[in-house]
Amino acid sequence: MTFNDYQFPPGTALYPPAAAVQQYLLDFAKDFNLRPYIRFQSRVEEAYWRDGAWDIRVAGQSQVERFDHLVVANGHYNKPYEPDLLGLREWKEVEGRDVTHSTWYKEPSAYAGKRVVVIGGGPSGNDISAEMAQVAAETYHSVKGFVRDDTTCPKQRPPPERFEAEGNGKFIYSDGSVDEGIDAVILATGYEYNVPFLSQVVTQRQLPTPEEFPPHLWNSGAHIYPLARHIFPISHDLPPSSLAFLGLPHHVVPFPLCEAQALAALRVFTHPETLEIEQEKDWVRARNDSLKQVARKVGGDELRTVCRLWHRISGEPQFEYRDALLRFAGVTKWLTDDWLPEMYAKKAILREEWSDAVRSGEGEAIVKDAKTKEDWYGVLLALLARRERRRGENAKDPVKPAGLRAKI
């Protein structure tokens, strides 16, 4: 998950805690002397495109600053998405009941002895429900695709259909089953894209647009559209080289992907003619068609499903996307190593094996000498070999080093 050519220090856990990732970023900023170029406590209130440049207004400052290009890299994990669930608002008004979003969750001790429903099947929902099951009297994990199952820990539930506040309170799930006496609900339901400072050029938080190429950029909350390569605006208001969005794709390995996007942005800023906008429109059309086919298979609101999936680039396609950006930018030394997609596909197995290694006291020894990318690849191979030994089985498909040279 690191930037290219800058690894975690030896001894870092294979799945590092948030504090280790924060320290990694602080070290990166220090080693590359980035702090002089960062202004903290400087919230941008408005970015206005005027006469071929950006007027930037910062909170608390009267002076407007002017810039040739704008990079929007404000993340998409700061505005919680809270679905409009029938009856939930009335349910939580009853004294003693609590509803919160996972963004505010820190640790489970406050829920000790309570009956808790965690809604959402992403990483946060999985982690929180697993933690909650250790302290709560009852933990129910409500996820689309789950069926009611009381034999698991936490107990599994289908998604909620509605809530009834009266009496002991009822949770009615999509299969018609009911739970009562719930004390707390945690909404692990994700986040919305939020760029309020771009109100001049982005239609903010509206229903999905049916237009393939609307006159303005469109923020549905689930995607920003239309963008070339998930980065550059296709809009009547702006030239593509004026603005770059970094970090919109999700279900990806973020640091190296954002690094590739930054290189592509730099290429377009310095050589605008390299981005052939008609070809980019063809890509947008093709992605629309592909996602509409997916939406029709799953049913429901087609436009909303397309919005929700637009910036999702999970699995091997993220490496193809990343490499395409790197080739576009002319930086081929950082193309994906041949072994990485294979190891990424085994991430659930590797996480399970790493957790077991940590429990048995072996984790520190496995990573203590890992300094380079090659060393970390060795760590992954060692964990897979350990899994085979621990299960006492011969590998049906032995893992062989795939080589560290990327294809150019």
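Residues numbered from 1 in each chain as written. Predicted model: local features only at pLDDT ≥ 70, side-chain atom pairs only at ≥ 80, totals over all residues. Heavy atoms only, no water.

### Regarding the overall build of the protein chain
Consideration 1: Helix and strand counts for the protein chain stand at eleven helices and 18 strands.
Consideration 2: Here the protein chain has a C-alpha radius of gyration of 24 Å; the compact-globule value for 408 residues is 22 Å, and the two agree.
Consideration 3: Each principal axis of the C-alpha atoms in the protein chain carries an extent, and together these give about 60 × 55 × 45 Å.
Consideration 4: Of all 408 residues assigned to the protein chain, the portion counted as buried reaches 41%.
Consideration 5: Within the protein chain, counting contacts between residues at least 6 apart in sequence, those at least 24 apart form 57% of the total. (Helix = DSSP H or I, 4+ residues; strand = E, 2+ residues; numbered from the N terminus. Rg over C-alpha atoms; globule rule 2.2 N^0.38 Å. Buried < 20%, exposed > 50% of the residue type's maximum accessible area, 1.4 Å probe, protein only. Contact = heavy atoms within 4.5 Å.)

### Observations concerning the packing of helix α5 (residues 277-298) against helix α6 (residues 302-310)
Packed helices, taken two at a time, are described by the angle between their axes plus the distance between the axes.
Consideration 1: Two elements in contact, α5 and α6, have axes separated by 9 Å at closest approach and are oriented at 120°. Judged by the inter-axis angle, α5 sits oblique to α6. Of the two possible hands of crossing, α5 and α6 adopt the one that is right-handed. Contacts between α5 and α6 involve W283, V284, R287, N288, L291, K292, V294, A295, R296 and V298 from the first element and E302, T305, V306, L309 and W310 from the second. (Axes fitted to C-alpha atoms, helices over the stretch in contact; angles between N-to-C directions. Parallel < 35°, antiparallel > 145°, perpendicular 65-115°, else oblique. Left-handed = near helix turned anticlockwise from the far one by under 90°.)

### Considering the sheet that holds strand β6 (residues 115-119)
Consideration 1: Spatial strand order, β5-β12-β6-β7-β8: five strands in an open sheet with parallel pairing. Of all the strands in the sheet, the pair left with one neighbour each is β5 (98-101) and β8 (155-157). Sheet twist, expressed as the average angle between the axes of neighbouring strands with direction ignored, equals 20°.
Consideration 2: Relative to β8, strand β7 (residues 138-142) runs parallel, the two sharing three bridges. The partner of H141 across the bridge, within β8, is Q156.
Consideration 3: Against the sheet, helix α3 (residues 123-132) makes contact with β6, β7 and β12 (184-187), and its axis sits at roughly 165° relative to β7, the strand it touches most. (Pairing = 2+ DSSP bridges.)

### Focus on the packing of aromatic side chains
Consideration 1: All chains considered together, the criterion is met by 18 aromatic pairs.
Consideration 2: When the ring of F3 is compared with that of Y24, the centres are 6.2 Å apart and the planes differ by 20°; the resulting orientation is stacked. Separated by 21 residues along the polypeptide, F3 in the segment before α1 (18-31) and Y24 in helix α1 bring together distant segments of the chain. As far as the burial class goes, F3 and Y24 line up, both buried.
Consideration 3: Look at Y6 and F28: their rings are 5.1 Å apart centre to centre, the planes differ by 90°, and that puts the pair in the edge-to-face class. One end of the pair, Y6, is in the segment before α1; the other, F28, is in helix α1, with 22 residues separating them in the sequence. The burial state of Y6 is the same as that of F28; both residues are buried.
Consideration 4: Joined through ring pairs, the aromatic side chains of F3, Y6, F8, Y24, F28, F32 and F255 make up one cluster.
Consideration 5: A cation over an aromatic ring shows up here: K281 above the ring of F213, its NZ or CZ 5.4 Å from the ring centre. (Phe/Tyr/Trp six-rings, centres within 6.5 Å; stacked < 30°, edge-to-face > 60°. Lys NZ or Arg CZ within 6 Å of the ring centre and 35° of its normal.)

### Overview of the environment of V268
Consideration 1: Relative to the assigned elements, V268 resides in helix α4 (residues 254-270).
Consideration 2: Classification of V268 as buried rests on a relative accessible area of 1%.
Consideration 3: For V268, the residues in contact, after removing those within four places along its chain, are F232, P240, S241, T274, L275 and F328.

### Overview of the confidence of the model for the protein chain
Consideration 1: Mean pLDDT for the protein chain: 91, with 94% of residues reaching 70 or above.
Consideration 2: Here residues 400-408 is a poorly scored stretch, pLDDT under 50, and it has 25 contacts once near neighbours within four places are set aside; other chains count. (pLDDT = per-residue confidence, 0-100.)

### With respect to the nonpolar core
Consideration 1: Counting residues in hydrophobic clusters, the biggest one holds 30 residues, and the most contacted among them are I231, F232, A244, W310, Y321, L325 and L326.
Consideration 2: A total of six residues in this core trace back to one element, the largest contributor, which is α4.
Consideration 3: Setting aside anything within four residues of it in sequence, one finds Y321 in contact with R229, H230, I231, P249, L257, Q261 and I313.
Consideration 4: M343, A370, Y377 and V379 belong to the second largest nonpolar core, which has 21 residues in total. (Core = buried A, V, L, I, M, F, W, Y, C linked by side-chain atoms within 4.5 Å.)

### Focus: the pattern of salt bridges
Consideration 1: Per the stated rule, a full pass over the model turns up 28 salt bridges.
Consideration 2: Put simply, E65 and R39 hold a salt bridge, and the shortest N to O gap is 3.1 Å. One end of the pair, E65, is in strand β3 (residues 65-67); the other, R39, is in the loop between α1 and β1 (44-50), with 26 residues separating them in the sequence.
Consideration 3: What makes R39 exposed here is its relative accessible area of 51%.
Consideration 4: The closest approach of N and O atoms between R162 and E161, which form a salt bridge, is 3.5 Å. (Salt bridge = Lys/Arg side-chain N within 4 Å of Asp/Glu carboxyl O.)

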